[in-house]
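# A closer look at the structure
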Amino acid sequence: MTVTTPDTAATVEFRGLRREFGPTVALDGLDLTARPGELLALLGPSGCGKTTALRMLAGFEHPDSGEVLVDGEDVTRVPAHRRDAGMVFQSYSLFPHLDALDNVAFGLRMRKVRTAGRRTRAAELLELVGLADKGRSFPHQLSGGQQQRVALARALALRPRVLLLDEPLSALDAKVRLTLREEIRRLQQELGITTLFVTHDQEEALSMADQVAVMHAGRLEQCAAPAELYGRPATAFVAEFVGTMSRIPGRLVEGGVEVLGQRLPIDGQAPEVSATSEVDVLVRPEAVGVRAEDAGSARVVATAFLGAAVRVTVRLADGTEAKADLPTHEAAALVAGAAVSVSLPQRPVLVAERTR
Ligand SMILES: Nc1ncnc2c1ncn2[C@@H]1O[C@H](COP(=O)(O)OP(=O)(O)OP(=O)(O)O)[C@@H](O)[C@H]1O
Ligand SMILES: [Mg+2]
């Protein structure tokens, strides 16, 4: 099939992007690089600047300062129609009066591709996204998932050097979302096209991306491969935004932290830890051990069956709650109210400033 992208995938760089809207600082010095052919997920809470960053790459928005580079070339001031970016938006953005084929062909028409060439190419793209038989359907005759497939086909029609996806799955139900997630990833890898994918669904980001960039208040917190981001979060914000974390009070001591009567090494030093020795220790539920013990000072608050594991919420002696994931067979005795002891493995932990 002739549905190919340029021979070499593009490198995309944001350098010190800053953008204010009146009193709002949407981007506050964003630095980020997407490597050739990779899928980079932009993850972060609502309002942290994800869409603004994407629009700057597409050329729909311009920074107050900073630069956007594609393959080292400064495109900051290049208008949108001269940039090689295909974008799919959060809400369906198909033209309601055009059928699927014409929606896909629309961009080609704008670029003055011959009519015959347009039809062939639009049909190829619909086939690529699994909608070969829907060319004559109008948007209102298509499901949400099908509409987003058409939008994807339209974004790819001009063989863009970068593909920009702004929460393309957020309006879809859970099942369609999962399927389309896999399809987009497969297509992206087949085409080898550098892709920026905005989401605020961490599971989506971790499961699809080569690299995940976590943004917070217009800045980059951390950019890393999914396993590293999950296993070695650089900041407390990343640790708590990605996956589940419990905070257990601890005290900084020589060479480590004292927590739950144990002394553990610290994994790096979270920058927000101040001189005070009272800290919170951040732990994942799979790293928390809970054992039924009559003399234990903690109590089980609730249990939730997750399939292979049970998530047990315990209240520690000081009133703090923590979550632990235990193999289902180990959790049988842990009913609400049961006395338990709680422990952590002898591994480095992340500490953060005490929040209470
Ligand atoms: N055109 C605009 N005019 C005024 N404020 C804007 C404009 N565009 C964005 N903002 C503001 O800039 C901030 C960042 O917006 P942006 O849309 O980039 O966030 P986001 O991370 O995409 O959020 P969401 O996850 O909700 O889509 C927000 O506070 C938003 O209200
Ligand atoms: Mg957005």
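Above this text sits the structure in question.
Below you will find a few notes about this structure. Note that this is a predicted model, so its numbers are computed, not measured.

Conventions adopted
Residues numbered from 1 in each chain as written. Chains lettered and ligands numbered in written order. Predicted model: local features only at pLDDT ≥ 70, side-chain atom pairs only at ≥ 80, totals over all residues. Axes fitted to C-alpha atoms, helices over the stretch in contact; angles between N-to-C directions. Helix = DSSP H or I, 4+ residues; strand = E, 2+ residues; numbered from the N terminus. Parallel < 35°, antiparallel > 145°, perpendicular 65-115°, else oblique. Left-handed = near helix turned anticlockwise from the far one by under 90°. Contact = placed C-beta atoms within 7 Å. Nonpolar A, V, L, I, M, F, W, Y, C, P; charged D, E, K, R; others polar. Core = buried A, V, L, I, M, F, W, Y, C linked by C-beta atoms within 7 Å. Buried ≥ 20, exposed ≤ 12 C-beta atoms within 10 Å, placed from the backbone. Domains from an automatic or database assignment. Near = placed C-beta within 6 Å.

## Quick notes on the packing of helix α4 (residues 144–156) against helix α5 (residues 174–191)
For any two helices packed against each other, the geometry comes down to the angle between their axes and how far apart the axes lie. Relative orientation of the contacting elements α4 and α5 amounts to 20°, with a least axis distance of 10 Å. Compared by their axis directions, α4 and α5 come out roughly parallel. With respect to the hand of their crossing, α4 and α5 are arranged in right-handed fashion. On α5, the residues touching G144, G145, Q148 and L152 of α4 are V176, L180 and I184. A per-class count over the contact of α4 with α5 returns 4 nonpolar, 3 polar and no charged.

## A few points about the packing of helix α2 (residues 100–110) against helix α3 (residues 115–128)
Their axes nearest at 9 Å, the elements α2 and α3 cross at an angle of 125°. Viewed along their axes, α2 and α3 adopt a mutual orientation that is oblique. Crossing geometry of α2 relative to α3 is assigned as right-handed. Along its contact with α2, which presents A100, L101, V104, A105, L108 and R109, the element α3 presents R118, R119, R121, A122, A123, L125 and L126.

## A few points about the nonpolar core
Grouped together as the largest cluster of nonpolar side chains are 100 residues, with contacts concentrated most on A41, L42, L57, V104, L196, F197 and A213. Summarising the domain contributions, this core has at least three residues from each of domain 1 (12–231) and domain 2 (244–353). When near neighbours in sequence (up to four residues on either side) are disregarded, L196 contacts V12, A34, L40, L42, L54, L57, V162 and L164.

## A word on the site of ligand 1
Around ligand 1 sit F21, T24, A26, G44, S46, G47, C48, G49, K50, T51, T52 and H200, and that is every residue in its neighbourhood. The set of elements that each furnish at least two residues to the shell around ligand 1 consists of β2 (24–34) and α1 (50–58). Among the elements that line the shell around ligand 1, the one with the most residues is α1, at 3 residues. Considering only residue class, the shell around ligand 1 consists of 3 nonpolar, 8 polar and 1 charged.

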